[in-house]
Amino acid sequence: MTATPDHGRAPGPHRDDLLTIGQLGRRSGLAASALRYYESLGLIHATRTAGGQRRYPRGTLRRIAFVRAAQRVGLSLDEARVALDRLPERPAPSGAEWDRVAESWQSRIDEQIAELQRLKAKLTGCIGCGCLSLSRCSLYNAADRAADTGPGARYLLTRDPAGGPEPLSPTATDVCGPQ
């Protein structure tokens, strides 16, 4: 919605203008259902018209951009909400306010980089061994030892790329097992 000129107000959009859910969706690239979900989680906030229609301040576009950036660095929507709760509701937080939130993400990003490096080492090791056998490779799953450590991709979830979810047995001398 654009404002109509009145006494002392320049023509064109103003920061106090409100956006419909359709306008917000087009500007943010999100579906209306995603916007309603974000609102239900407290990530964004709308006012209602007398007819019950949602209206969003233009500053909501910044909040959505913030949430999407948080997701790109691996934060959950709940973590993004907590970070947003530390910022003021006014249209644009100060540079110092943004910096404080960004700094809080640094350790999370460092953890993700380390996890990706571990994953890379595991994949390089498995591909580099040459056996390419999921049933025989002792690196991949010797004697189905991964089943004892829990559900999911245990070898990708571990911290040590060389040892798997628990140390190799002393008898495991050949990394890829019998060929």
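Residues numbered from 1 in each chain as written. Predicted model: local features only at pLDDT ≥ 70, side-chain atom pairs only at ≥ 80, totals over all residues. Heavy atoms only, no water.

Undergrad: When you look at the overall build of the chain in this model, what are you seeing that I'm missing?
TA: A count of helices and strands for the chain gives 7 helices and 3 strands. Along the chain, from the amino end to the carboxyl end, the secondary structure elements read β-α-α-β-β-α-α-α-α-α. Evaluated residue by residue, the chain yields a buried proportion of 28% over its 179 residues. Here the chain has roughly 11,400 Å² of accessible surface; of this, 57% comes from carbon and sulfur atoms. (Helix = DSSP H or I, 4+ residues; strand = E, 2+ residues; numbered from the N terminus. Buried < 20%, exposed > 50% of the residue type's maximum accessible area, 1.4 Å probe, protein only. Areas by Shrake-Rupley, 256 points an atom, 1.4 Å probe, with all protein chains shown as cover.)

Undergrad: Explanation requested: the sheet that holds strand 1 (residues 18-19) in the structure shown.
TA: Strand pairs in the sheet, formed through backbone hydrogen bonds, run parallel or antiparallel to each other. Ordered by their spatial adjacency, 3 strands build an open sheet running 1-3-2, and the pairing between neighbours is antiparallel. Either end of the sheet is taken by a strand with one partner, and the two such strands are strand 1 and strand 2 (47-48). Sheet topology note: the strand 2/strand 3 (residues 54-57) ladder contains 2 bridges and is antiparallel. Looking across to strand 3, one finds that arginine 48 is bridged to arginine 54. (Pairing = 2+ DSSP bridges.)

Undergrad: Is there a simple way to explain the packing of helix 1 (residues 21-28) against helix 2 (residues 32-40) in this structure?
TA: Think of two packed helices as two axes; the pair is described by the angle between the axes and how far apart they sit. Two numbers describe how helix 1 lies on helix 2: the axes approach to 9 Å, and their chain directions differ by 100°. The pairing of helix 1 with helix 2 is recorded here as roughly perpendicular in orientation. Across the interface between the two elements, Ile21, Leu24, Gly25 and Ser28 from helix 1 touch Ala32, Leu35 and Arg36 from helix 2. When its residues are assigned to classes, the contact of helix 1 with helix 2 shows 4 nonpolar, 2 polar and 1 charged. (Axes fitted to C-alpha atoms, helices over the stretch in contact; angles between N-to-C directions. Parallel < 35°, antiparallel > 145°, perpendicular 65-115°, else oblique. Contact = heavy atoms within 4.5 Å. Nonpolar A, V, L, I, M, F, W, Y, C, P; charged D, E, K, R; others polar.)

Read these as layout, nothing more, since geometry by itself doesn't imply function.
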